[in-house]
Amino acid sequence: MKIIKVASGSNIPKYKQIVNSIENAIADNRLKKNDKLPSVNKVSLEFSISRDTVLLAYDELKKRGIIYAILGKGYYVKSVEFSFEQRIFLLFDELNIFKEDIYNSFLEKMNNRAQIEIFFHHFNIEMFKKLINESNGNYSKYIIMPTNLNGAARLIKTLPRQDVYILDQTNSELKDYPSIHQNFVNDMYNGLLQGKDLLKKYHKLILIFPGFREPFGMKIGFEKFCLNFSFQYEIITDFNNKEIQQGEVYIIPDDRDLVKVVEKGKFQKLKLGTDFGIISYNETPLKKVVENGITTISTDFNQMGHLLATMILENKKSQIENKSNLIIRNSL
């Protein structure tokens, strides 16, 4: 079990990397009280650094009461009850009400047991790369929303493997990393399946799928459902300049498109839930009251944040699908 990590290309001083490694190992229960640390000579030889650098790190830990030395025998863990503060790097794609719910529930569960710094890549791979490179080696945990960015997995793999967690979307390249994620194929399919009897009164299902921010699994699940149950369907990239036809149901991942469809229905004097239908993606408080209620397919974002915090606090390494449901309201 490797306790100490020293990266030669890091901007963090090597003695500080040793200190951080031992703190992390204690926090993760990989080192316990009275466990022996690697010898000064062993660390010096393994990482081609001077004995003075290792001694500087061990002296700092001694001054803080974390380790102690026995003459002629070595260094040992003195206390696991120290004021260690994990630094967590949290990389979201964008700030919206769903991500705010995840973040707030994560903070609540962490209960001030870590310093959390949040960043946003805004679906820009260059920004993603910059943030990953600048954070590498500076945090005890890395929580990443890779979305569907091309090249994100390769960059994530440059981070310390044992400290990375994937949030919201995962893929085959990241399948071995611990994660709290949505299964968008199954969630879309099962959500439509739950509403199948209501959908039968409409003659066509239309998915508005720009394909830039939206997870590809949504489209796959939608097509699979329509084909399996012989629903006429269409996938469009935008709603601009489109007329709503009676008997159509719109499945809408983006709330900006939701506003456009609702406004268009009003302009055409069509009755929502009778003349045409709407299923929105992702639950928000407003969707409970807009147009007497908008039907949604949604995961529980508060649960997602709590599960993530629990996984980190208990140092667990699991891949967990956060469940999703159809919430039926007036718009269907």
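Residues numbered from 1 in each chain as written. Predicted model: local features only at pLDDT ≥ 70, side-chain atom pairs only at ≥ 80, totals over all residues. Heavy atoms only, no water.

## Observations concerning the overall build of the chain
Logical step 1: Along the backbone of the chain there are 11 helices and 14 strands.
Logical step 2: In summary, the chain has a C-alpha radius of gyration of 25 Å against a globular reference of 20 Å for 332 residues, an excess of more than 25%.
Logical step 3: Principal axes of the C-alpha set define a box for the chain whose edges measure 85 × 30 × 30 Å.
Logical step 4: For the chain, the residues scored as buried account for 50% of the 332 residues in total.
Logical step 5: Within the chain, counting contacts between residues at least 6 apart in sequence, those at least 24 apart form 66% of the total.
Logical step 6: As displayed, the chain has an accessible area near 16300 Å², and 49% of this comes from carbon and sulfur atoms.
Logical step 7: Once the 46 positive and 39 negative side-chain charges of the chain are each reduced to a mean point, those two points are 6 Å apart. (Helix = DSSP H or I, 4+ residues; strand = E, 2+ residues; numbered from the N terminus. Rg over C-alpha atoms; globule rule 2.2 N^0.38 Å. Buried < 20%, exposed > 50% of the residue type's maximum accessible area, 1.4 Å probe, protein only. Contact = heavy atoms within 4.5 Å. Areas by Shrake-Rupley, 256 points an atom, 1.4 Å probe, with all protein chains shown as cover. Lys, Arg positive; Asp, Glu negative; His and termini not counted. Charge placed at Lys NZ, Arg CZ, Asp CG, Glu CD.)

## Regarding a nonpolar patch on the surface
Logical step 1: There is a patch of nonpolar side chains on the surface, built from Leu286, Val289 and Val290 and spanning about 270 Å² of accessible area.
Logical step 2: Along the chain, Val289 falls in the loop between β11 (277-281) and β12 (295-299).
Logical step 3: A relative accessible area of 55% means that Val289 is categorised as exposed. (Patch = residues over 30% accessible without salt bridge, like charges linked within 9 Å, V, L, I, M, F, W, Y side chains within 5 Å. Salt bridge = Lys/Arg side-chain N within 4 Å of Asp/Glu carboxyl O.)

## Points about the pairing of strand β2 (residues 74-77)
Logical step 1: In the sheet, strand β1 (residues 67-70) pairs with β2 via four bridges, with the strands oriented antiparallel. Across the sheet, Ile67 pairs through a bridge with Val77, a residue of β2.
Logical step 2: Hairpin connection from β1 to β2: three residues lie between these consecutive antiparallel strands, with Gly72 at a positive phi of about 85 degrees. (Pairing = 2+ DSSP bridges.)

## Description of the packing of helix α2 (residues 40-47) against helix α3 (residues 51-63)
Logical step 1: The interhelical angle for the contact between α2 and α3, taken along N-to-C directions, is 125 degrees, at an axis separation of 9 Å. It follows from the interaxial angle that α2 and α3 lie oblique. The handedness of the crossing between α2 and α3 is right-handed. Residues Val40, Asn41, Val43 and Ser44 of α2 form the contact with α3, whose own contacting residues are Arg51, Val54, Leu55 and Tyr58.
Logical step 2: Classifying every residue of the contact of α2 with α3 by side-chain character gives five nonpolar, two polar and one charged. (Axes fitted to C-alpha atoms, helices over the stretch in contact; angles between N-to-C directions. Parallel < 35°, antiparallel > 145°, perpendicular 65-115°, else oblique. Left-handed = near helix turned anticlockwise from the far one by under 90°. Nonpolar A, V, L, I, M, F, W, Y, C, P; charged D, E, K, R; others polar.)

## Regarding unusual backbone geometry
Most peptide bonds take the trans configuration, and most residues that are not glycine carry a negative phi.
Logical step 1: You will see that Asn29, though not glycine, has its phi angle at about 65 degrees, which is positive.
Logical step 2: Looking at the element boundaries, Asn29 is found in the loop between α1 (14-27) and α2.

## Some thoughts on the pattern of salt bridges
Logical step 1: Tallied over the entire structure, the rule returns 18 salt bridges.
Logical step 2: Across the pair Lys130 and Glu134 runs a salt bridge whose closest N-O atoms are separated by 3.1 Å. A residue pair is termed a helical-turn pair when its members lie 3 or 4 positions apart in one helix, as Lys130 and Glu134 do in helix α5 (residues 125-135) at four residues.
Logical step 3: A salt bridge links Asp197 to Lys200, with the nearest nitrogen and oxygen atoms 3.7 Å apart.

## Quick word on the packing of α1 against α3
Any two packed helices are characterised by the angle at which their axes cross and by the distance between the axes.
Logical step 1: The interhelical angle for the contact between α1 and α3, taken along N-to-C directions, is 45 degrees, at an axis separation of 8 Å. Judged on the interaxial angle alone, α3 and α1 are oblique. The chirality of how α1 crosses α3 is right-handed. Together, Lys14, Tyr15, Lys16, Ile18, Val19, Ile22 and Glu23 of α1 and Thr53, Val54, Leu56, Ala57, Tyr58, Glu60 and Leu61 of α3 make up the contact between the two elements.

## A word on the packing of aromatic side chains
Logical step 1: A complete count under the given rule lists 14 aromatic pairs for this structure.
Logical step 2: For the pair Tyr68 and Tyr76, a centre-to-centre distance of 5.6 Å together with 25 degrees between the ring planes defines the contact as stacked.
Logical step 3: Residue class for Tyr76 comes out buried when judged on its relative accessible area of 14%.
Logical step 4: Ring centres 5.8 Å apart and planes at 85 degrees place the aromatic pair Phe222 and Tyr233 in the edge-to-face group. On the criterion of sequence distance, the pair formed by Phe222 in helix α9 (residues 216-228) and Tyr233 in strand β9 (residues 233-236) is long-range, its members being 11 residues apart.
Logical step 5: Classification of Phe222 by relative accessible area gives buried; the value is 0%.
Logical step 6: The aromatic ring of Tyr177 is capped on one face by Arg161, whose charged end is 4.0 Å from the ring centroid.
Logical step 7: The ring of Tyr189 carries Lys224 above its face, with NZ or CZ at 5.0 Å from the centroid. (Phe/Tyr/Trp six-rings, centres within 6.5 Å; stacked < 30°, edge-to-face > 60°. Lys NZ or Arg CZ within 6 Å of the ring centre and 35° of its normal.)

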